[in-house]
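Now for the letters of each chain:
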Amino acid sequence: KFLDLHIAQHNSKHIRVLNSYNRVLQQKSALLKQGQGNLKSHLELWNEQILEYGSQIIRSRWEFTNLLAEKAKEIYKNISLGKEELTMEYQALGKDDVDKALAEFPQILEEKMPLEIERKMIYVGPHRDDLIFKLNGKSARLYGSQGQQRSIVLSLKLGELGVFYQGKGEYPLLLLDDVLSELDNFRREYLLRTVKKLPQTIITMTSAEMLTDHASLLLYIENGRIGRI
């Protein structure tokens, strides 16, 4: 969902492909649960469409991941003062190599069909894919500290801005909801210095103290009324 949301902002075709893919998933899922008639031949027809739409989704996600990974890697390097390297990989159909995954997609669909019939569930397709984050080659999910994981999220959000600018030639409006309270002083200052260079950023907080030296406009909301600080 994270990837699809941002790809759709750049490529409206991705939305149509996603909608078509999701409709096929619903039809195939209903067929599996009914379990009636010539099930295998009917599933083969739906698998053809899963292959068609799913391959397009996988390719688009892989291309976007490469763009974002490059931006996020550089940002994380700055945040960690060059001590840690962030890598971001899109894992398609359980494989690290996307070209290999696409080449084996038809075979995987066929091999998993008996299991899908037995358990009445769909086991193959990009809806089951994942993003893998590593720091210095180790899983960030398993070994990353809370601070490191927050730095990864921060790197991704700022990296998205870079990808958007690269594709559109302008920066989007950035909305941050109470994010500063979750960051230490160094990460907080890094974020504020970065967003200060952007055309417009809106940050919400429970206290304005952290923003006093950075914001061009400070507003407060109290008892349903808006005022200027």
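The structure presented is a predicted model; accordingly, all values stated were derived computationally and were not measured.

K.L.:
Which parts of the structure should I look at to understand the overall build of the protein chain?
P.N.:
Along the protein chain, the regular secondary structure elements total seven helices and seven strands. Along the protein chain, from the amino end to the carboxyl end, the secondary structure elements read α-α-α-β-α-β-β-α-α-β-α-β-β-β. Taking the principal axes of the C-alpha coordinates as reference, the protein chain spans close to 70 × 45 × 35 Å. A total of 229 residues make up the protein chain; the buried ones form 37% of that total.

K.L.:
Would you mind going over the environment of Lys83 with me for this structure?
P.N.:
Following the sequence through the fold, Lys83 ends up in the loop between helix 3 (39-79) and strand 1 (86-91). Take Lys83: its relative accessible area is 65%, and that puts it in the exposed class. The spacing of Lys83 and Asn136 is 53 residues in sequence and 9.0 Å in space, taken between C-alpha atoms.

K.L.:
What is the right way to look at the sheet that holds strand 1 in this model?
P.N.:
Neighbouring strands of a sheet are bound in pairs by backbone hydrogen bonds; such pairs are parallel or else antiparallel. Across the sheet, three strands lie side by side as 1-2-3; this open sheet has antiparallel pairing. Looking at which strands have only one partner, the edges of the open sheet turn out to be strand 1 and strand 3 (138-139). Summarising the sheet, strand 1 and strand 2 (residues 130-135) pair through six bridges and their orientation is antiparallel. Looking at strand 2, one finds that Tyr90 is bridged to Leu131.

K.L.:
Sorry, what's going on with the pattern of salt bridges here?
P.N.:
Should their charged atoms come close, side chains of opposite charge can pair. Throughout the structure, instances matching the rule amount to eight salt bridges. A salt bridge links Lys40 to Glu44; the nearest nitrogen and oxygen atoms lie 2.7 Å apart. Here Lys40 pairs with Glu44, and both are found in helix 3, just four residues apart, close to one helical turn. Residue classification places Glu44 among the partly exposed positions, given a relative accessible area of 37%. Two residues, Lys157 and Glu160, come together in a salt bridge whose shortest N-O distance is 3.5 Å. Of this pair, Lys157 and Glu160 are both found in helix 6 (residues 146-168), three residues apart, which corresponds to roughly one turn of the helix. We classify Lys157 as partly exposed; its relative accessible area is 35%. Since its relative accessible area comes to 10%, Glu160 is described here as buried.

K.L.:
Help me understand the side chain of Ser151 in this model?
P.N.:
With respect to the helices and strands, the residue Ser151 is situated in helix 6. One polar contact links Ser151 to Arg187, side chain to side chain, over a distance of 2.2 Å. Ignoring any residue separated from it by four or fewer positions in sequence, one finds Ser151 in contact with Tyr76, Ile79 and Arg187.

Rules behind the numbers
- Each residue is numbered by its place in its chain's sequence as written, counting from 1.
- Selection of residues for local features in this predicted model requires a pLDDT of at least 70, selection of side-chain atom pairs for listing and counting requires 80 or more, and totals for whole chains, interfaces and linings are taken over all residues.
- Values shown for side chains rest on all heavy atoms present in the structure; no hydrogens or waters enter the calculation.
- Only DSSP runs of H or I reaching four residues or more are called helices, and only runs of E reaching two or more are called strands; each is numbered from the N terminus.
- Only protein chains enter the area calculation, which uses a 1.4 Å probe; residues under 20% of their type maximum are buried, those over 50% are exposed, and those in between are partly exposed.
- Two strands qualify as a pair provided that DSSP identifies no fewer than 2 bridges between them.
- Salt bridge, as used here, is a side-chain nitrogen of Lys or Arg placed within 4 Å of a carboxyl oxygen of Asp or Glu.
- For this analysis, a polar contact is any N or O atom pair within 3.5 Å, provided that within protein one partner can donate a hydrogen and the other can accept it, and provided that sequence-adjacent residues contribute only side-chain to side-chain pairs.
- Two residues form a contact once any of their heavy atoms are found within 4.5 Å.

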